[in-house]
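Listed below are the residues making up each chain.
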Amino acid sequence: MNKKDIYWYAFIAVLVAIPLIPAVAKNSFLGHVLILILLFASMSQSWNIIGGYGGQVSFGHSVFFGIGAYGAGMAVVKYGIMPWPGVLIGALTAAVVAVIISYPCFKLTGHYFAIATFAIVEIFNRLFMIWDWVGGALGLDYPLVEEGWKNFMWYETKIHYYYGALILFVLIFGIVRWIERNRIGYYLKAVREGQEAAESIGVNSTLVKLTAMAISAFLAALCGGFFAQYNLRVDPPMVMSLDMAMKFVLITILGGTGTVLGPLVGALILIPLQEYARALWGGLGGGVDLMIFGLLIIIIIVRQPRGIMGIISDVCSHVKKVKGIALETKGGG
Amino acid sequence: MTIFFQIAINGLLVGMIYALITVGLSLIWGVMNVINFAHGDFLMVAMYISYWLGFLVHMDPIISWIASGTFCFILGILTYRLIIRRCLSGPVLSALLATFGLSLVIRNFCLNRFSPNFRLLRKTLLGGKKIVLGGLYLPLPQLVTGIFALVVVFVIYYIIKRTRLGWAIEAVAMDKEAAELMGINTDKIFALLCGMSGACVGIAGGLLPSYLTVYPEVGVLFCFIAFVCVAMGGFGSILGALMAALLVGLVEAFGGFYIAPIFKYVVIFGLYLVVVTFRPKGLFGW
């Protein structure tokens, strides 16, 4: 069942990808938007593991994202090798860091946990700003090296980045799909719904949450590595800021937390909005794009706190109800 | 030794301002269990009001806090009516995210209208004056602002502890349903609380331009520090918020002097993590 699901997702992804290739190949703005959609959907999906299924709303995922980005950046810029080992080391470091900082934080609940994760982002941001070994506030600027999969860098066309993002997307969505159907997914949901109750039936809640956090941080760091390779630049305000951390949360909440498709739906709406608003209104003295972005966030959260997946399920149940009434009246008449 | 006391005084003066901003946040957190992410942006708006009143009609920040306080009072009530009220039934953090959206709107509106330039009021009544007391310098703008902030904090404390309105607020904080059964209009209380919270930050923001520059991002750091203070002080405890704010002011000043200026915020946020590790509900929380 599980394997089938993963294949099914890969199949759908390929189906979706094929018609989009020509649009991307033209190196158009649309291609850029598509790559970002896939990337941000993957990022939010990695957040969804702990934030959605685990119910631990972390605003600190940009730390892990940033560590992954710095892993890739350091490998290429400082050591002049290909980014792959850097990404792997970055992702493992992110998982370890996640476990170390989450262990005390998981004692906190609700807003205390949220504020603790804010504080962690601020601390990491400032430390990376003054840490000369990783480039400090100047950040890391990529040198131009030979293009290809070995260096994960292309200049002529964005199509390969698109494939890379697609692989990342399928990988992370597959993993989350697998988790959802697996024992750990049920444990996580049990802990989210009631930690004491879950513990009383023998779930080791700390272990479950730490495992989920480590997986989540590992995957977020992989996305960070991709982001660094795509932008060819890493600096603390770009990858380790609170704004980046909020994107993980907002996209998932907008789409619907704790659902497999939620992050994709959220990214499909927010990323084009952000990119096109910036392209269209970026020149109006700045800020107009973010104002519209903010208004949209307010409207969606005020209207339906469960996100767009909530709206969809409302519509579905409404349709069912209408159908049911129609059937009843038919039967009765 | 003089230096030590001088740093302590500077820290306390900063801490008093933090206290007023923190109390505003603490009011709605304690009663409604909501964090207003746009709190820092209310502060920024209040600072802009005070700045423009000073720049255009030469009103001193000592007077214009009335205008900015009133404006933020209304802004707070509007935020409650339009946004926070509709989030109360949702998940715990939905109000935080919705007000994050509001913060984006306000901040970028100011960025668009007023440009990202830093603006400083010149020729204010207190600007540049100071009192010298036995080798210690007390800058007058900071001193007046700090004492004023402290007075407002005590007024709020008095309202909560000694008036009928305050008892109603405390009753709602303890048990919303029971308070409703006793005939307390919780909706009105919540709206008033958001207004009071806005007024606190509006007064603070009205006074600050007498010595601080104004720019669209100015509220962000204040907002984070207020988050940390309110969580460190403990759930809805005004006294806790005051103590935590003064402590944070002191830590910031001493950390900046003895470690390195760039580390001072790292020290503050680190202190918060240490405190909540040992007391997960804050210093004065239960």
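Note that this is a predicted model, so its numbers are computed, not measured.

*Asks:* I keep staring at the overall build of chain B and nothing clicks. Help me out?
*Replies:* For chain B, the count of helices and strands is eleven helices and two strands. Going from the N terminus to the C terminus, chain B shows its helices and strands as α-α-α-α-β-β-α-α-α-α-α-α-α. Out of the 286 residues in chain B, the part that is buried amounts to 52%. For chain B, contacts bridging at least 24 residues in sequence account for 77% of all contacts bridging at least 6.

*Asks:* I would appreciate a short explanation of the pairing of strand S2 (residues 136-139) of chain B in the present structure.
*Replies:* In the case of a regular strand, side chains alternate between the two sheet surfaces. Across four bridges, strand S1 (residues 130-133) of chain B lies against S2 of chain B in antiparallel orientation. Of the residues in S2 of chain B, the one forming a bridge with Leu133 of chain B is Leu136 of chain B.

*Asks:* How should I be thinking about the confidence of the model for chain B in this particular structure?
*Replies:* Low-pLDDT stretches of the model should not have their predicted coordinates read in fine detail. For chain B, mean pLDDT is 87; residues scoring 70 or higher make up 99% of the total. For this predicted complex, the interface confidence comes out at an ipTM of 0.84, alongside a pTM of 0.86.

*Asks:* How should unusual backbone geometry be read in this particular structure?
*Replies:* Negative phi values dominate among residues other than glycine, just as trans dominates among peptide bonds. Residues and elements named next belong to chain B. Backbone geometry places His58, a non-glycine residue, at a positive phi of 55 degrees. By the secondary structure assignment, His58 is in the loop between helix H2 (39-57) and helix H3 (61-87). The exposure class of His58 is exposed, given the 10 C-beta atoms found within 10 Å.

*Asks:* What exactly am I supposed to notice about the interface of chain B and chain A here?
*Replies:* Frequently, the measure chosen for interface size is the accessible area removed from exposure when the parts meet. Counting residues at the interface gives 36 residues for chain B and 35 residues for chain A. For the side of chain B that touches chain A, the secondary-structure elements that each account for two or more residues are H3, helix H4 (94-114), helix H9 (218-233) and helix H11 (264-278) of chain B. Looking at which element gives the most residues to the side of chain B that touches chain A, the answer is H4 of chain B, with 13 residues. Taken together, the residues of the side of chain B that touches chain A sort by class into 28 nonpolar, seven polar and one charged.

*Asks:* Sorry if this is basic, but what is going on with the packing of helix H3 (residues 61-78) of chain A against helix H4 (residues 83-105) of chain A here?
*Replies:* Each pair of packed helices can be described by the angle between their axes along with the distance between the axes. All names here are of chain A. At a minimum axis distance of 7 Å, the contact between H3 and H4 shows a crossing angle of 150 degrees. The angle between H3 and H4 places the two elements in the roughly antiparallel class. You can see that H3 and H4 cross each other, and the crossing is right-handed. Of the residues in H4, those touching H3 at Phe64, Ile67, Gly68, Tyr70, Gly71, Ala72, Met74, Ala75 and Val76 are Pro83, Pro85, Gly86, Val87, Ile89, Gly90, Ala91, Thr93, Ala94, Val97 and Ala98.

*Asks:* What exactly am I supposed to notice about the nonpolar core here?
*Replies:* If you look at soluble globular proteins, the nonpolar side chains tend to sit buried side by side. Counting 206 residues, the largest nonpolar core has Ala19, Leu20, Ala204, Val228 and Cys229 of chain B as its most contacted members. When near neighbours in sequence (up to four residues on either side) are disregarded, Ala204 of chain B contacts Ile17, Leu20, Ile21, Leu43 and Ala149 of chain B.

What counts and what doesn't
Residues numbered from 1 in each chain as written. Chains lettered and ligands numbered in written order. Predicted model: local features only at pLDDT ≥ 70, side-chain atom pairs only at ≥ 80, totals over all residues. Helix = DSSP H or I, 4+ residues; strand = E, 2+ residues; numbered from the N terminus. Buried ≥ 20, exposed ≤ 12 C-beta atoms within 10 Å, placed from the backbone. Contact = placed C-beta atoms within 7 Å. Pairing = 2+ DSSP bridges. pLDDT = per-residue confidence, 0-100. Nonpolar A, V, L, I, M, F, W, Y, C, P; charged D, E, K, R; others polar. Axes fitted to C-alpha atoms, helices over the stretch in contact; angles between N-to-C directions. Parallel < 35°, antiparallel > 145°, perpendicular 65-115°, else oblique. Left-handed = near helix turned anticlockwise from the far one by under 90°. Core = buried A, V, L, I, M, F, W, Y, C linked by C-beta atoms within 7 Å.

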